[in-house]
Amino acid sequence: MEIKVGRKTTPPTPGYSITMRVEAPAESAMASTIAEAIGEAGGALTALDVAERRADRMVVDATCDARDADHAEQIGKAVAAVPGVTVLEVSDRTFLVHLGGKLEVTPKVQLKHRDDLSRAYTPGVARVCTAIAENPADARRLTIKRNTVAVVTDGSAVLGLGNIGPEAALPVMEGKAALFKQFADIDAWPVCLDTQDTDEIVSVVKALAPVYGGINLEDISAPRCFEIEARLREALDIPVFHDDQHGTAIVVLAALTNALRVVGKRIEDITIVVSGVGAAGHAIIRLLHKQGVGEIIGCDRRGVLDPEQEGMDDFRRWIADNTNRSGRRGTLREALGGADVFIGVSSPNLLTVEDIAAMDAGAIVFALANPDPEVDPTAAGRHTAVVATGRSDYSNQINNVLAFPGFFRGLLDAGVSDITGEMMTAAARAIAAAVTPRQLSADSNRSRVSRK
């Protein structure tokens with residue numbers, strides 16, 4: 001069931017899943033009555049279990065998805081309003097996943113007796129330390145360095161939440177580390193720094209680098225992130241990768257490659273409007289520029305980036321000087337008229353259905369603002385050929401997890417430190433090629449069905 005709010009239709013999502021422990025009369029129809037109350041409140045019931053039954057009463061655990069936190073509260077009130085029902089407890093399943101954190105350290109060697117200790121620790125470990133002191137390159141062979149990545153943030157640009165600081169950023173960095181392990185068997189660890197000073201961040205990461213085989217910069221605001229990445233790449237002999245920039249650019253290019261296959265357009269013939277010229281937008285535009293896109297128009301909060309604007313930083317200046325050859329001016333909405341592709345890495349709810357309808361036939365919309373996209377994807381889908389977001393609860397998710405684990409796996413295995421545009425293009429092409437012509441579809445849900 002969907003919830004309609006004004007003109008926007010938003011489905012329940014597993015990101016707001018709750019479990020309600022409910023005490024109710026032990027009547028044969030009571031379970032279905034509770035389920036009906038959840039459905040009428042707009043919840044998506046996923047499980048209903050009788051935890052305890054007595055002669056006159058029973059305890060039921062009802063699990064459902066909601067639209068957001070307020071909607072979850074509304075569902076709880078709807079169930080509590082059922083005659084004879086008492087809601088004993090409501091658990092937010094997302095918070096339960098995060099209790100105690102999402103990571104742990106597990107030894108790779110057994111330490112059962114003295115012999116094990118003498119080799120893994122003292123006295124045997126001293127010989128290994130001496131060998132590395134004599135030949136520092138052996139650290140990659142004899143320590144965790146060869147397979148370990150630091151996930152570094154200062155908490156200044158976290159998801160769509162903004163500058164929330166290092167502690168609040170930690171759950172995201174834990175999740176990032178878990179994805180490294182799950183998808184590429186890389187041991188990653190959050191490094192959340194209590195400073196937003198560029199010099200300090202560079203200094204701290206340089207000091208930490210001996211432990212790690214790579215540095216993944218994450219959720220650091222622009223334009224500081226550009227300087228931090230450049231200085232660390234210059235100073236370190238391990239790969240430094242700002243995922244918000246280059247990971248996003250890789251997956252967007254991969255998704256665009258296949259979306260163009262769906263609509264039958266060539267990259268050199270299309271016009272792309274990019275909303276957001278910060279870290280992600282800048283990297284996307286640069287990588288797409290390398291592919292020979294027909295026209296790219298970058299937009300910030302004021303509209304189309306104006307090359308005559310004073311006080312631009314070097315990164316915006318590059319965009320202004322290397323895009324918009326047709327010299328368009330105006331707002332984001334005006335720029336969209338007749339465009340083939342919209343890529344949003346900016347802010348929620350910037351566009352209406354009417355704005356999307358003004359795009360060219362066979363339009364492609366990547367509304368990637370998180371957690372809420374630039375335009376309602378369900379409504380936009382009525383006027384486009386392909387719609388994608390950054391969310392896992394809609395079809396066609398474009399998310400950096402498609403790129404960064406495997407990209408780092410290759411960097412670590414090859415022992416290289418330089419990251420080039422050619423590498424990123426190759427990664428995007430490999431991701432796109434994972435979808436065969438038979439599997440290709442405008443809707444990833446239909447594509448998954450076709451593979452069964």
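Residues numbered from 1 in each chain as written. Predicted model: local features only at pLDDT ≥ 70, side-chain atom pairs only at ≥ 80, totals over all residues. Heavy atoms only, no water.

Participant: Tell me about the UniProt feature "domain: Malic enzyme N-terminal" (unreviewed entry) in the protein chain, residues and numbers included.
Facilitator: Within this structure's numbering, the places UniProt gives as "domain: Malic enzyme N-terminal" (unreviewed entry) are residues 100-233. Taken as a whole, residues 100-233 contains 46% helix and 12% strand, while its terminal C-alpha atoms sit 34 Å from one another. (UniProt positions renumbered as here; feature names shortened; annotations may be inferred. Helix = DSSP H or I, 4+ residues; strand = E, 2+ residues; numbered from the N terminus.)

Participant: Any details on the sheet that holds strand β15 (residues 364-367)? Residues and values, ideally.
Facilitator: Read across the open sheet, the six strands follow the order β13-β12-β11-β14-β15-β16; overall the sheet is mixed. Strand pairing shows two members of the sheet lacking a second neighbour, β13 (303-304) and β16 (386-389), which therefore form its edges. Pairing between strand β12 (residues 295-300) and β13: two bridges, direction antiparallel. Note on β13: the bridge partner recorded for Asp300 is Gly303. Taken strand by strand, helix α10 (residues 243-263) contacts β11 (271-275), β14 (341-344), β15 and β16, and its axis lies near 155° from that of β15. (Pairing = 2+ DSSP bridges. Contact = heavy atoms within 4.5 Å. Axes fitted to C-alpha atoms, helices over the stretch in contact; angles between N-to-C directions.)

Participant: Tell me about the layout of surface pockets, and name the residues and values.
Facilitator: Here the second largest pocket defines a volume of roughly 1100 Å³. Looking at the second largest pocket, it is lined by 31 residues, and the ones nearest its centre are Val105, Thr106, Lys108, Ile144 and Asp187. Those elements that provide at least two residues to the lining of the second largest pocket are α4 (114-120), α5 (125-134), α6 (139-142), α7 (165-184) and β8 (187-192). Top element by residues in the lining of the second largest pocket is α5. It accounts for four residues. (1 Å grid on protein atoms, 1.4 Å probe; cavity = no way out; pocket = protein on both sides within 12 Å on 5 of 7 lines; lining within 4 Å. Points joined across faces, edges and corners; volume = space filled by probe spheres on them.)

Participant: Describe in detail the packing of helix α8 (residues 198-208) against helix α9 (residues 224-235), supporting the description with residues and values.
Facilitator: Two numbers describe a pair of packed helices, the interaxial angle and the distance between the axes. Two numbers describe how α8 lies on α9: the axes approach to 10 Å, and their chain directions differ by 35°. The chirality of how α8 crosses α9 is right-handed. For the pair formed by α8 and α9, the contact residues are Thr198, Asp199, Ile201, Val202, Val205 and Lys206 on the first element and Arg224, Glu227, Ile228, Arg231, Leu232 and Ala235 on the second. When the residues that make up the contact of α8 with α9 are grouped by side-chain class, the tally is six nonpolar, one polar and five charged. (Left-handed = near helix turned anticlockwise from the far one by under 90°. Nonpolar A, V, L, I, M, F, W, Y, C, P; charged D, E, K, R; others polar.)

Participant: How would you explain the side chain of Asn324 if you had to name every residue and give the values?
Facilitator: Among the structural elements, Asn324 can be located in the loop between α12 (314-322) and α13 (332-336). Polar contacts involving the side chain of Asn324 include one to the main-chain amide nitrogen of Arg328, which spans 2.9 Å. When neighbours within four sequence positions are excluded, Asn324 is seen to be in contact with Glu295, Ile296, Ile297, Val304 and Arg329. (Polar contact = N/O pair within 3.5 Å; in protein donor to acceptor, adjacent residues only side chain to side chain.)

Participant: Describe helix α2 (residues 69-80), with residues and values.
Facilitator: The terminal C-alpha atoms of α2 lie 17 Å apart, and with twelve residues this matches the ideal 16 Å at 1.5 Å per residue to within 8%. What α2 keeps buried is the set His71, Ala72, Ile75, Gly76 and Val79. One side of α2 holds all its buried residues, which, seen down the axis, span an arc of 145°. With respect to the buried face of α2, the exposed residues turned more than 90 degrees away are Asp70 and Lys77. (Expected span 1.5 Å × (residues − 1). Buried < 20%, exposed > 50% of the residue type's maximum accessible area, 1.4 Å probe, protein only. Arc of directions from axis to C-beta.)

Participant: An account of the nonpolar core is needed here, citing residue identities and associated values.
Facilitator: Among the nonpolar cores identified, the biggest contains 56 residues, and Leu256, Ile272, Leu288, Ile343 and Phe366 are the most heavily contacted of them. When residues in this core are grouped by element, the largest group, nine residues, is from α10. Ile220, Phe226, Leu236 and Ile238 belong to the second largest nonpolar core, which has 20 residues in total. (Core = buried A, V, L, I, M, F, W, Y, C linked by side-chain atoms within 4.5 Å.)

Participant: Run through empty space enclosed by the protein, naming residues and quoting values.
Facilitator: Applying the stated rule across the entire model yields one cavity of 30 Å³ or more. Taken as a whole, the largest cavity spans an internal volume of roughly 40 Å³. What lines the largest cavity is Gly298, Val304, Leu305, Pro307, Ile319, Ala320, Thr323 and Asn324. Class assignment of the residues belonging to the lining of the largest cavity gives a composition of five nonpolar, three polar and no charged.

Participant: So, the confidence of the model for the protein chain: which residues are in play, and what are the values?
Facilitator: Looking at the protein chain as a whole, its pLDDT mean stands at 92, while 96% of the residues score no less than 70. Predicted confidence is poor over residues 1-8, with pLDDT under 50, and the contacts of this stretch with residues over four places away or in other chains come to 19 contacts. Counting interchain partners and residues more than four positions distant, the pLDDT-below-50 stretch residues 448-452 has three contacts. (pLDDT = per-residue confidence, 0-100.)

Participant: Tell me about the state of the cysteines, residues and numbers included.
Facilitator: Applying the stated rule across the entire model yields zero disulfides. Cysteine Cys225 is unpaired, with the sulfur of Cys192 as its nearest cysteine sulfur at 17 Å. Here Cys225 falls in the buried class, since its relative accessible area comes to 1%. With no disulfide partner, Cys299 has as its closest neighbouring cysteine sulfur the one in Cys225, 20 Å distant. (Disulfide = S-S within 2.5 Å.)

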